[in-house]
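Listed below are the residues making up each chain.
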Amino acid sequence: MKTGINYIILGLALALLSSCTYSRKFTAEYFHENETRLESIRKRYKALYEKNPFSLELKDLQLNRIGLEIHTDSVRYVYTFRTDEPYLIDTLYKYNYDVKAISELINDMQQAHCTWITNLDYYERRQRKYMVFLSVRHKKLNSFLRPEKYFTLAFFDEPQVSDEKGRLMDNEFPEQVRKINNSTFRKLKTRVFYALSKQFR
């Protein structure tokens, strides 16, 4: 009986180890294959955001339901559409968005399996700064041993400090790990960090 239990424990441990190894492999492969597209999404989103702030969510597994958050000085409006509904275009026109540019952005997000993009603020030396925060939902990250996880990316405008393990550190206090949405982020490039998270935002 004990032998059987030991085999089960060993099997679970090996499965978890394999899962972690595969997650790291997915991170390297996905970013390498999609880096150009992701950088293009970041640049275009940032330019659109500076003119008229918003966040975008692709809500379903098929990436056909759009969540649009429109940010104003005092109010945040949240809308949900299907990509084939005319109401999305009508709403973008209503709030003076670049319809063609956002439609192209949504299409590229679908191609890259992106589920969420937004601008997050943070402070360094009392100065307010921003990063583009992006989440990816991909079937290759699914596992029967754990809840669904998201590949989340933080794009900074300036190079960031990381430790010998590649963890994102606080620029003002380099000995402190800087967490984003309670997740520890690791270095892909000096301005790009990632985490595997249970939350997409």
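See the structure printed just above.
Draft legend 1. Layout of the packing of helix H2 (residues 86-94) against helix H3 (residues 99-111). Where H2 contacts H3, the two axes come as close as 10 Å, and the packing angle between them is 135°. Regarding the angle of H2 to H3, the classification is oblique. Between H2 and H3 lies a crossing whose hand is right-handed. Residue-level contacts link Leu88, Ile89, Leu92 and Tyr93 of H2 to Val99, Ile102, Ser103 and Ile106 of H3. Residues belonging to the contact of H2 with H3 are distributed by class as follows: 7 nonpolar, 1 polar and no charged.

Draft legend 2. Layout of unusual backbone geometry. Residue histidine 113 is not a glycine yet carries a positive backbone phi of 65°. Residue placement: histidine 113 occurs in the loop between H3 and strand E4 (114-124). Unlike most non-glycine residues, arginine 125 shows phi in positive territory, near 50°. Turning to its location among the elements, arginine 125 is positioned in the loop between E4 and strand E5 (127-136).

Draft legend 3. A look at the pattern of salt bridges. Using the criterion set out here, one finds 15 salt bridges in the structure. Here arginine 42 makes a salt bridge to aspartate 157, at a shortest N to O gap of 3.9 Å. Of this pair, arginine 42 sits in helix H1 (residues 2-51) while aspartate 157 is found in the loop between strand E6 (150-156) and strand E7 (179-180), placing the two residues 115 residues apart along the sequence. A residue is classified by how much of its surface remains accessible, and arginine 42, at 13% relative accessible area, is buried. Given the relative accessible area of 35%, aspartate 157 is considered partly exposed. Where glutamate 124 meets arginine 178, a salt bridge forms, and the shortest distance between an N and an O atom there is 2.9 Å. One end of the pair, glutamate 124, is in strand E4; the other, arginine 178, is in the loop between E6 and E7, and 54 residues separate them in sequence. Exposure class is identical for glutamate 124 and arginine 178. Each is buried. It is possible to trace a salt-bridge network through shared partners that takes in Glu39, Arg42, Lys46 and Asp157.

Draft legend 4. Structural detail: the environment of phenylalanine 133. Among the secondary structure elements, phenylalanine 133 is positioned in strand E5. Accessibility expressed as a relative area gives 2% for phenylalanine 133, which makes it buried. Considered as a pair, phenylalanine 133 and alanine 154 are 21 residues apart in the sequence and their alpha carbons are 4.7 Å apart. Excluding residues that lie within four positions of it along the chain, phenylalanine 133 makes contacts with Trp116, Ile117, Thr118, Leu120, Thr152, Leu153, Ile180, Asn181, Phe185, Phe200 and Arg201.

Draft legend 5. Structural detail: the pairing of E5. Most of E5 is tucked away: 7 of the 10 residues are buried. Pairing between E4 and E5: 10 bridges, direction antiparallel. Bridging across to E5, aspartate 121 finds its partner in tyrosine 130. Where E4 folds back on E5, the antiparallel hairpin that results is connected by 2 residues, among which arginine 125 adopts a positive phi of roughly 50°. Across 6 bridges, the pairing between E5 and E6 is antiparallel. If you follow phenylalanine 133 over to E6, its bridge partner there is alanine 154.

Conventions and cut-offs
Residues numbered from 1 in each chain as written. Predicted model: local features only at pLDDT ≥ 70, side-chain atom pairs only at ≥ 80, totals over all residues. Heavy atoms only, no water. Axes fitted to C-alpha atoms, helices over the stretch in contact; angles between N-to-C directions. Helix = DSSP H or I, 4+ residues; strand = E, 2+ residues; numbered from the N terminus. Parallel < 35°, antiparallel > 145°, perpendicular 65-115°, else oblique. Left-handed = near helix turned anticlockwise from the far one by under 90°. Contact = heavy atoms within 4.5 Å. Nonpolar A, V, L, I, M, F, W, Y, C, P; charged D, E, K, R; others polar. Salt bridge = Lys/Arg side-chain N within 4 Å of Asp/Glu carboxyl O. Buried < 20%, exposed > 50% of the residue type's maximum accessible area, 1.4 Å probe, protein only. Pairing = 2+ DSSP bridges.

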